Amino acid sequence: MSSRFSISRFRKSLCYAWAGLKTALRSEQNLRFHLIATVAAMILSFVVSLSRVEFALIIICIGLVLVAELVNTAIEKLCDKIAPSLDEQIKLIKDLSAAAVLLAAITAFICGLIIFLPRIFSFLS
Ligand SMILES: Nc1ncnc2c1ncn2[C@@H]1O[C@H](COP(=O)(O)OP(=O)(O)OP(=O)(O)O)[C@@H](O)[C@H]1O
């Protein structure tokens, strides 16, 4: 494969990634939940007027959770393909992958509390 940059190859890669995102959104309930939480966080960010740095941190947290969820979905699909029946190793892999999502979500939740709570209090007072 050529190492030179090609616009058409880059465009194809974007199309594949977009198709993956659409498929995941259609089939993964957790991802849809995270997307709704993303929209809510965006709206709240504008309502309480976050600073640029605070807003950037919220975007990083959202990205962290969505990326973790997508990688978890990919790992689950791969596991189901290579080992459709019950298997101890597959259980461990899936549990680890789910733990990564949980950790990302807890991190984002704590950051959200640290950033939003003082803003919400001063907005309400
Ligand atoms: N082939 C398997 N062998 C052993 N344990 C499994 C296997 N598949 C799933 N499990 C166990 O069931 C849990 C849930 O797996 P599953 O693939 O249903 O994920 P999920 O989080 O419910 O995903 P989704 O709701 O997106 O399908 C895993 O974390 C694992 O503990």
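Small disclaimer: the values here were computed from a predicted structure and weren't measured. (Residues numbered from 1 in each chain as written. Predicted model: local features only at pLDDT ≥ 70, side-chain atom pairs only at ≥ 80, totals over all residues. Heavy atoms only, no water.)

**Describing the overall build of the protein**
From N to C terminus, the protein includes four helices and zero strands. The C-alpha radius of gyration of the protein comes to 18 Å, more than 25% above the 14 Å expected for a compact globule of 125 residues. Considering only C-alpha atoms, the protein reaches an extent of 55 × 45 × 25 Å along its principal axes. Within the span of the protein, comprising 125 residues, buried residues form 23% of the whole. Across the protein, every contact between residues at least 6 apart in sequence was considered, and the portion connecting residues at least 24 apart equals 66%. Total accessible area computed for the protein in this model is approximately 9400 Å², and 72% of it derives from carbon and sulfur atoms. Between the mean site of the 13 positive side-chain charges and the mean site of the 8 negative ones, the protein shows a separation of 17 Å. (Helix = DSSP H or I, 4+ residues; strand = E, 2+ residues; numbered from the N terminus. Rg over C-alpha atoms; globule rule 2.2 N^0.38 Å. Buried < 20%, exposed > 50% of the residue type's maximum accessible area, 1.4 Å probe, protein only. Contact = heavy atoms within 4.5 Å. Areas by Shrake-Rupley, 256 points an atom, 1.4 Å probe, with all protein chains shown as cover. Lys, Arg positive; Asp, Glu negative; His and termini not counted. Charge placed at Lys NZ, Arg CZ, Asp CG, Glu CD.)

**A short note on helix H3 (residues 52-82)**
Working note: α-helix, 3.6 residues per turn, so residues spaced by three or four point in the same direction. Spanning 31 residues, H3 covers 45 Å between terminal C-alpha atoms, matching the ideal 45 Å at 1.5 Å per step. Turning to H3, its buried residues number three or more, namely Glu54, Ile58, Cys61, Ile62, Val65, Leu66, Ala68, Glu69, Asn72, Thr73 and Cys79. Considering only its buried residues, H3 is in contact with helix H2 (29-47) and helix H4 (88-124). (Expected span 1.5 Å × (residues − 1).)

**Things to note about H4**
The terminal C-alpha atoms of H4, which comprises 37 residues, lie 51 Å apart, in line with the 54 Å expected from a rise of 1.5 Å per residue. Its axis deflected by about 30 degrees at phenylalanine 116, H4 carries its strongest bend there, up to four residues before the proline proline 118. When we look at burial in H4, the residues that qualify are Ile90, Ser97, Val101, Ala104, Ala108, Gly112, Ile115 and Phe116. Check the buried side of H4 and you find it contacts H2 and H3. (Bend = angle between axes of the 7 residues up to and from the residue.)

**Points about the site of the ligand**
Every residue lining the ligand is accounted for by Glu28, Glu76, Ala83, Ser85, Leu86, Asp87, Ile90, Lys91, Lys94 and Asp95. Contact distances for the ligand include 3.0 Å between an oxygen atom and a side-chain N or O atom of glutamate 76. Here a nitrogen atom of the ligand sits 2.9 Å away from a polar atom, N or O, in the main chain of aspartate 87. Summarising the interface, the protein chains cover 58% of the accessible area of the ligand, which totals 620 Å² for the free molecule. Taken together, the residues of the shell around the ligand sort by class into three nonpolar, one polar and six charged. (Near = heavy atom within 4 Å. Polar contact = N/O pair within 3.5 Å; in protein donor to acceptor, adjacent residues only side chain to side chain. Nonpolar A, V, L, I, M, F, W, Y, C, P; charged D, E, K, R; others polar.)

**Examining unusual backbone geometry**
Unlike most non-glycine residues, serine 49 shows phi in positive territory, near 50 degrees. Along the chain, the position of serine 49 falls in the loop between H2 and H3.

**Description of the layout of surface pockets**
Within this model, the largest pocket holds a volume of roughly 470 Å³. Along the walls of the largest pocket sit 17 residues, with Ala37, Ala41, Ala108, Phe109 and Gly112 positioned nearest its centre. Going through the elements one at a time, H2, H3 and H4 are the ones with two or more residues in the lining of the largest pocket. Considering each element in turn, the lining of the largest pocket owes the most residues, seven residues, to H4. Looking at the lining of the largest pocket residue by residue, the classes come out as 14 nonpolar, three polar and no charged. (1 Å grid on protein atoms, 1.4 Å probe; cavity = no way out; pocket = protein on both sides within 12 Å on 5 of 7 lines; lining within 4 Å. Points joined across faces, edges and corners; volume = space filled by probe spheres on them.)

**Thoughts on the packing of H2 against H4**
Here H2 crosses H4 at 25 degrees, and the two axes come no closer than 11 Å. Classified by the angle their axes make, H2 and H4 are roughly parallel. The chirality of how H2 crosses H4 is left-handed. Between H2 and H4, the residues in contact are His34, Ala41, Leu44, Ser45 and Val47 and Val101, Phe116, Ile120 and Phe123, respectively. The class makeup of the residues in the contact of H2 with H4 is seven nonpolar, two polar and no charged. (Axes fitted to C-alpha atoms, helices over the stretch in contact; angles between N-to-C directions. Parallel < 35°, antiparallel > 145°, perpendicular 65-115°, else oblique. Left-handed = near helix turned anticlockwise from the far one by under 90°.)

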